[in-house]
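# A structural walkthrough
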Amino acid sequence: MENIVEVKNLNFSYGLAEVLKDVTFSIERGDYVGLGGYNGSGKTTLVKIILGLISPNSGMISVFGKNLKKFKQWSKIGYLPQSVSLFNPIFPATVYEVVSLGLISKKKFPRRITKADEKTVDIALEELEILDLKDKLISDLSGGQQQRVFLAKALVNEPELLILDEPSNTLDEKTRNNFFNLLNMLNKKKGTTIILITHDIGHIGEHANKLLYLEKSVVFYGKLSEFCGSEKMEGFFGHESQHLICHQH
Amino acid sequence: MNISFLEFISYSFIQRAFISGIFVGVLCSILGLFLVLRKLSMIGDGLSHVSFGAIAMGLFFGVYPIYFAIPIVILSSIFIVKLTEKAKIYGDTAIGVVSSVGLAGGVLLASISHGFNVSLLSYLFGNILAISISETYLSIALSLFVLVAVYFLYYELFAVTFNEEQANVTGIKSDKINLLLVILTAITVVLSIRVVGIMLVSSFFILPAVTALQLSKGFKSAIFVSAFVAILSVIAGICASFYLNLPAGASIVIVNFILFLLSFLWRKSM
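Described in the following lines is the structure provided in the data block. (Residues numbered from 1 in each chain as written. Chains lettered and ligands numbered in written order. Predicted model: local features only at pLDDT ≥ 70, side-chain atom pairs only at ≥ 80, totals over all residues. Heavy atoms only, no water.)

## Remarks on the pairing of strand β2 (residues 17-28) of chain A
Residues and elements named next belong to chain A.
- Relative to β2, strand β1 (residues 3-14) runs antiparallel, the two sharing 8 bridges. Considered in β2, the bridge of E6 is made with S26.
- Connecting β1 to the next strand, β2, in antiparallel fashion are 2 residues, including G15 with a positive phi near 60°. (Pairing = 2+ DSSP bridges. Helix = DSSP H or I, 4+ residues; strand = E, 2+ residues; numbered from the N terminus.)

## So, the nonpolar core
- Judged by nonpolar contacts, the single largest core of 139 residues is most densely connected at L164(A), L183(A), F158(B), F162(B) and F219(B).
- Ranked by residue count, the leading element in this core is helix α2 (residues 12-37) of chain B, at 14 residues.
- Beyond its immediate stretch of four places on either side in the chain, L164(A) contacts L80(A), L151(A), F179(A), L183(A), I194(A), I195(A), L196(A) and I197(A). (Core = buried A, V, L, I, M, F, W, Y, C linked by side-chain atoms within 4.5 Å. Buried < 20%, exposed > 50% of the residue type's maximum accessible area, 1.4 Å probe, protein only. Contact = heavy atoms within 4.5 Å.)

## Structural notes on a nonpolar patch on the surface
- Taken together, the side chains of F60(B), F61(B), V63(B), Y67(B), L108(B) and I112(B) define a hydrophobic patch exposed on the protein surface, amounting to about 630 Å² of accessible area.
- Contributing elements (two or more residues each) for the nonpolar patch: α3 (43-61) and α5 (91-113) of chain B. (Patch = residues over 30% accessible without salt bridge, like charges linked within 9 Å, V, L, I, M, F, W, Y side chains within 5 Å. Areas by Shrake-Rupley, 256 points an atom, 1.4 Å probe, with all protein chains shown as cover. Salt bridge = Lys/Arg side-chain N within 4 Å of Asp/Glu carboxyl O.)

## Concerning the sheet that holds strand β6 (residues 77-80) of chain A
All names here are of chain A.
- Strand order in the open sheet formed by 6 strands is β6-β7-β8-β3-β9-β10, and the pairing between neighbours is mixed. Looking at strand neighbours, the two that pair on one side only are β6 and β10 (217-223), the edges of this open sheet. Each adjacent strand pair in this sheet contributes to an overall mean axis angle of 15°, direction not counted.
- Both strand β3 (residues 32-36) and strand β8 (residues 193-197) contribute to a ladder of 4 bridges, which runs parallel. Bridged to V33 within β8 is I195.
- Seen against the sheet, helix α1 (residues 43-50) touches β3, β6, β7 (161-165), β8 and β9 (210-215) and runs at an angle of roughly 130° to β3.
- Strands in contact with helix α4 (residues 143-155) are β6 and β7; relative to β6, the strand with the most contacts, it is inclined by about 165°. (Axes fitted to C-alpha atoms, helices over the stretch in contact; angles between N-to-C directions.)

Rendered as C-alpha cells:
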C-alpha cells in the first residue's frame, strides 16, 4: 500500500520546550487516522509540520512519496484548521469567495476562477447542504455553518488527503453526525485518506480505523483492534478508558 | 467662486488634479483594503514619515525629491518586513521604529540646511492643484503598474489577506506576497504625497477601505466600493476646494470621512 504521509525521527521544540520527540509513523492511502492526545501533546504542531507551516528541528517528512521540501501538489491536500484560527471576523468575503479559494492551489499564474470552477464550488456547497448560503457573508453565519463552509473549501478540490483539526468543536449534535457521516463516505467511497485531530479520544473509535496517540512521542500507533487488545495500552489508559474507546468502535 | 463647472474643468491644472487624484485615490483605496484587513493600516503613515526624511534628503542634495523618495521608501518597507520577521517584533512596532528614524532624519537635514524648509512644508501638506504634467504622467504610469500587479495577483493577495496559514497550504508563498504588498504600498505612498501631503497620506489608505467594509457584501465588491468612494471623494474634494477656497488634500480627506460616517449610520440603521 502507498504511503501518503511518512514521518521519521521527527523532533521539534519551541525554544527550550520540547514539543515532539523522535516521532516516527507512516499513513497509508485510505487510512482514517484519529490523532489523539491531551492539550499540548503536540497534535496541531505535528500537523503543521506535515503541512510545511513549521520547520522541524530534525527528522524526515515525505508526503505522497515526495520529500516535503520538494512537494508542490498542494491541491492533493485539504486542510481544515481549528475554528479559532479560521479568519478575521470583519473580513467581507462571501461563502462562494471563501470556498473558491480552495481551488487556487490547482491554478497556475495568473490564477483565475472560471465558469466551470463556479459549478465545482456549487457542487461542494450542495454536498454540505449550504448552497443557499452561497452569497452570504461568512461573518454573518453561525459557528456550525462557518465550519461547513471551511470544510467545503477543504473538499472542493477533491483532495486525496484530508487533515482536520478539532473539526467538531463548534457543531451541534445533528450537524456533527452529518459531518462525520460525510467523512465516512469520503473515506469509504472515494478512498480519501483522513487525519482527524481530536482531544476527545472517546469518540475516535467511532470514526477512525487507526489511532495515533501522542504525548510528545508516539504512545500508540496502529489499528483500533490492536489498541483494544493491547495490555500495554490498558496499563497506559486504564481499563475503563480503553474499554470506552473500544466500545465506541 | 463665480465660474461654471464646464469652465472649471476646462482648466488644465484642474484636469491634472482630477486625473492624478483619481489614479492615486483608486490605488490607495484598493491597497488600503488589503492593509486594513491585515491590520497593517498604519504602514501608510509610517512610510509617509520615511518619505519626509527621503524628501528632505532629495532637497538637500538638489535631486527631484519624489525620485529620491521612491527607492528609499521601498527599501524602508522591505526593512519593516524583515525587522518583523528577524527581530521577532510586531509589525506596528517595526513601523514605529522605521517611521521615527525617517522623521528624525528629515528634521535633522532641515535643521542643517536652513534653506529648504518652505519646500519641505509643501510636501507635508501636498497640493494637488499644483501638480505638474510630468507628475501626472508619473502618477498614471506607476498607478497602472500597481493596478496590473494587483489584478494578476488578486487571488494570492486575497488568500493571504484572508488567512495566511491557509494560503500557505495552497502553495502560495505568503512571505513573498507580504513583501510585494508593502513594496506596492511604498510606491503608492510616495505617489500620494503630492496629492494629499505627508500628513494625510494614511487617510487615503484607510478611509475608503473602512467605508467599503460598512457597505460591502463580498470581497470583490469591497474593492469596487472602496475605489468608488475614493473617486467620489477626490472629485467632491477638489470641487469643494476650488469653490470654497479650501486646501484640496484636506477637503478630500473630510469628504472621505463624511462618506464613512454616512455608510456607518446607514449600516447601523439596517
